[in-house]
Amino acid sequence: MTLALTQKAQTSLRRSELQKSNTAATQALLQCQQRDGHWVFELEADATIPAEYVLLRHFRGEPIDKELERKIASYLRRIQGPHGGWALFHEGAFDMSASVKAYFGLKMTGESPDAPHMRRAREAILSRGGAVHSNVFTRALLSLYGILDWRSVPEMPVEIVLLPSWFPFHLSKVSYWARTVLVPLLVLQALRPRAKNPLGVRIDELFVEPPATIGPVPKAPHQRWSWFLFFRGIDAVLRPAVKLFPKSLRQRAINKAVEFVTERLNGQDGLGAIFPAMANATLMYDVLGDKANAATARDSIDGLLVIHDHEAYCQPCVSPVWDTALTCHALLEMGGDDARASALRGLDWLVPKQVLDVVGDWAARRPHVRPGGWAFQYANPHYPDLDDTAVVVMAMDRARRSGAGDHYDQAIARAVEWVRGLQSTNGGWAAFDVDNVYDYLNNIPFADHGALIDPPTEDVTARCLSMFAQLGETPGTSESVARGVQYLLRTQLPEGSWYGRWGLNYIYGTWSSLCALNACGIDHGSPEIRKAVNWLLSIQNPDGGWGEDGTSYRLDYRGHDPATSTSSQTAWAVLGLMACGEVRNSAVARGVQYLAQTQTDSGFWDEERFTATGFPRVFYLRYHGYRKFFPLWALARYRNLTESNSANVPFGM
């Protein structure tokens, strides 16, 4: 009798604590909602973007904003690593390109090379062979500043834009982000403007050899020698050949490149709505003397600034559609009048953001599909993405189920049509394109970052499958779903996990895939599901949470790379396990307890670590919203399933 009462009291206490956590997180999220109904949280990358922002201003000879530069310098100093340089993610290893750009940016703001932090950075760079080991994009920047010679950058003639679609290299064969960054850069490489750099700042001290003597880039780790040597040979032939190209041909190519950029300039949201493309577009219009478009391109960049009292940085892009859709899911999971009303306002804000009238670059492979997706940013109509679209649709469907009526029916129907039309031949879905699988292009010398293409991935495929399944399609009734399920089953790793392209990493991919397979009706007792469950259980940290390091993207990955627990990765693991019917598993209870105990007085969670991905091994992201809505989502679902005494998750996510 006493034992029964004790257990009942403990259960009541746990429910009370859980409700307290849920309420605090919900109220905090509601306070973050913008007046027009949407949410947008900071999106932080590494040191390269804020450093490049400073360098862009000095490249153009803009008036010096001492206060802004002081704040950016403060930010860069704070994130300097114990190794003396800068990493690609929190507590990460030294990265040469990030360190060179951060040092250059700090020196440009007036930091003395003799300052202790600058001396440590310089010593770290030189001890690793110097700035010669920077990547292609850094070399291009330094060439524009006249520090390196252009022969240190792979030859990429602007005439590339004139190549026919059947040619092995064509703009439609590279990813959207490569396309928008590359096209204006081709013009810059052809015309080779020199930075104004009114202060005359250089960083020759970061090289162990005279910078002007540096030659071609070496082979990157992901590249195959046979392909690399083949393309290096082409590069050697192109260098003298471009000088013989007719001037009329070059001008025609420049005109076409400018036409491409101008069509996609995207007003205040910028080319591709990503910083590198926006910066390159600004410089391209500058060198061409197009002041009006240069001003438009330049103004879009300032919309990426985050300015606090003592620090400032530049975001790589903004994420309002993604943040709003995921926040709506968390609030709908939480339930209650206030949370539901707030979510509906967010979904209403999303409705007019759907791209219905612009046929984007994706149409190169699917010309007969009608547009119907959502972009990641406020506006980016040529580049809607499948991931955002599927998440928005599932949130709208959840609202529809909870009494929103037919308000979202038309938007859902058009989105489903577009997503179905963009399924790749192998059954998977990519982020922005279809059948963008030209992997040989990652072997060209210019592609030392290894992210030139946009192939189908497990996490985006899972999201699209979750959408179709939540809307009632099954492998037995839908060819699209059947092919997608086969893709996921085929790509599961022997240990039981799935790769996560856009979130870090195998925890993210496994959560996404388990949600999709559950929604598609795959039996929880199937070997694939059990292997995934066992893998998640095996990597739980002693504190009850889950964590995974950015090094998990290394080319020789042989198992989980453990890391300190984070709120977002713990939420993904808990949500993934609950999608498999494991709500009563003690590991889930420990994960929930970890989230409840690490919640701060703000209602949110602290999370310094980066848990998202731009380009594996090259560019990582810290979504400030992830620590706000994912933990609430997991806690609210745990409450809902335990209180209803059910192990069934009825939604795609």
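Residues numbered from 1 in each chain as written. Predicted model: local features only at pLDDT ≥ 70, side-chain atom pairs only at ≥ 80, totals over all residues. Heavy atoms only, no water.

## What to know about the packing of aromatic side chains
No. 1: Under the criterion given, the structure shown has 35 aromatic pairs.
No. 2: Judged by centre distance (4.4 Å) and plane angle (25 degrees), the ring pair of tyrosine 176 and tyrosine 383 falls under stacked. Highlighted residues: tyrosine 176 in helix H7 (residues 176–191) and tyrosine 383 in the loop between helix H13 (337–350) and helix H14 (386–404), separated in sequence by 207 residues. For the pair tyrosine 176 and tyrosine 383, one class covers both residues: buried.
No. 3: Aromatic pair tyrosine 508 and tryptophan 572: ring centres 4.8 Å apart, planes at 75 degrees, arrangement edge-to-face. Of this pair, tyrosine 508 sits in helix H18 (residues 506–519) while tryptophan 572 sits in helix H20 (residues 567–579), and the two are 64 residues apart along the sequence.
No. 4: Residue classification places tyrosine 508 among the buried positions, given a relative accessible area of 1%.
No. 5: Taken together, the ring pairs connect Phe41, Phe376, Tyr508, Trp511, Trp572, Tyr623, Tyr626, Phe629, Phe630 and Trp633 into an aromatic cluster. (Phe/Tyr/Trp six-rings, centres within 6.5 Å; stacked < 30°, edge-to-face > 60°. Helix = DSSP H or I, 4+ residues; strand = E, 2+ residues; numbered from the N terminus. Buried < 20%, exposed > 50% of the residue type's maximum accessible area, 1.4 Å probe, protein only.)

## Quick look at unusual backbone geometry
Trans peptide bonds make up most of the peptide bonds, and negative phi angles are found at most residues other than glycine.
No. 1: Following leucine 504, the chain continues into asparagine 505 via a peptide bond in cis, with omega recorded as -25 degrees.
No. 2: On the secondary structure map, asparagine 505 appears in the loop between helix H17 (479–491) and H18.
No. 3: Unlike most non-glycine residues, arginine 192 shows phi in positive territory, near 50 degrees.
No. 4: Its place among the elements puts arginine 192 in the loop between H7 and helix H8 (225–241).
No. 5: The phi angle at asparagine 197 is positive, at roughly 40 degrees, despite the residue not being glycine.

## Observations concerning the environment of valine 187
No. 1: By the secondary structure assignment, valine 187 is in helix H7.
No. 2: Looking at valine 187, the relative accessible area reads 0%, which means it is buried.
No. 3: Along the primary structure valine 187 and leucine 288 are separated by 101 residues, whereas in three dimensions their C-alpha atoms are 9.3 Å apart.
No. 4: Contacts of valine 187, omitting those with residues within four sequence positions, involve Val158, Ile254, Ala257, Met284 and Leu288. (Contact = heavy atoms within 4.5 Å.)

## Notes on the sheet that holds strand E7 (residues 619–623)
No. 1: In spatial order, the strands read E1-E7-E6; together these three strands make up an open sheet with antiparallel pairing. The open sheet terminates on both sides in strands that have one partner only, identified here as strand E1 (43–44) and strand E6 (612–615).
No. 2: As paired strands, E6 and E7 are joined by three bridges and run antiparallel to one another. Among the inter-strand pairings, alanine 612 is bridged to a residue of E7, identified as leucine 621. (Pairing = 2+ DSSP bridges.)

## Here we look at a nonpolar patch on the surface
No. 1: Side chains of Leu191, Val287 and Leu288 sit close together on the surface and give an oily, nonpolar patch of about 200 Å² of accessible area.
No. 2: Relative to the helices and strands, leucine 288 resides in helix H10 (residues 275–288).
No. 3: We classify leucine 288 as partly exposed; its relative accessible area is 35%. (Patch = residues over 30% accessible without salt bridge, like charges linked within 9 Å, V, L, I, M, F, W, Y side chains within 5 Å. Areas by Shrake-Rupley, 256 points an atom, 1.4 Å probe, with all protein chains shown as cover. Salt bridge = Lys/Arg side-chain N within 4 Å of Asp/Glu carboxyl O.)

## Looking at the pairing of E7
No. 1: Counting buried positions along E7 gives five out of five residues, so the element sits mostly inside the fold.
No. 2: Residues Phe619, Leu621 and Tyr623 line one face of E7 and the alternating positions Tyr620 and Arg622 line the opposite face, and both faces are buried.
No. 3: Where E1 meets E7, two bridges bridge the pair, whose relative direction is antiparallel. For glutamate 44, the partnering residue across the bridge sits in E7 and is arginine 622.
No. 4: The turn joining E6 and E7, which pair antiparallel and follow one another in sequence, is formed by three residues; a positive phi near 75 degrees is taken by arginine 617.

## Side note on the pattern of salt bridges
No. 1: Counted according to the given criterion, the structure contains 34 salt bridges.
No. 2: Across the pair arginine 179 and aspartate 361 runs a salt bridge, and its minimum N-O distance is 3.0 Å. Taken together, the positions of arginine 179 in helix H7 and aspartate 361 in the loop between H13 and H14 put the pair 182 residues apart, joining distant regions of the chain. Like aspartate 361, arginine 179 is buried.
No. 3: When the shortest N-O distance is used, the salt bridge between glutamate 333 and arginine 398 registers 2.9 Å. Remark: arginine 398 occurs in helix H14 and glutamate 333 occurs in helix H12 (residues 320–334); sequence separation between them is 65 residues.
No. 4: Glutamate 333 gets classed as buried once you look at its relative accessible area, which sits at 6%.

## Remarks on the packing of H20 against helix H21 (residues 586–598)
No. 1: It is the contact of H20 with H21, at a shortest axis distance of 10 Å, that shows an interaxial angle of 150 degrees. Judged on the interaxial angle alone, H21 and H20 are roughly antiparallel. For H20 against H21, the interelement crossing comes out left-handed. Between H20, through Ser567, Thr570, Ala571, Val574, Leu577 and Met578, and H21, the contact on the second element is made entirely by Val588, Gly591, Val592, Tyr594 and Leu595. (Axes fitted to C-alpha atoms, helices over the stretch in contact; angles between N-to-C directions. Parallel < 35°, antiparallel > 145°, perpendicular 65-115°, else oblique. Left-handed = near helix turned anticlockwise from the far one by under 90°.)

## Some points on the confidence of the model for the protein chain
No. 1: Counting all residues, the mean pLDDT for the protein chain is 94, and 98% of those residues have values of 70 or more.
No. 2: Considering only residues more than four positions removed or in separate chains, one finds that residues 1–13, a stretch of pLDDT under 50, has zero contacts. (pLDDT = per-residue confidence, 0-100.)

## Here's the deal with the state of the cysteines
No. 1: As enumerated under the stated definition, the model contains zero disulfides in all.
No. 2: In this structure cysteine 520 is a free cysteine whose sulfur lies 11 Å from that of cysteine 515, the closest cysteine sulfur available.
No. 3: Classification of cysteine 520 as buried rests on a relative accessible area of 6%. (Disulfide = S-S within 2.5 Å.)

## Points about H14
No. 1: Of all 19 residues that make up H14, 15 are buried, and the element is covered over most of its length.
No. 2: The residue sitting at the N-terminus of H14 and contributing the capping side-chain oxygen is aspartate 385; that oxygen lies 3.1 Å from the backbone nitrogen of aspartate 387. (Polar contact = N/O pair within 3.5 Å; in protein donor to acceptor, adjacent residues only side chain to side chain.)

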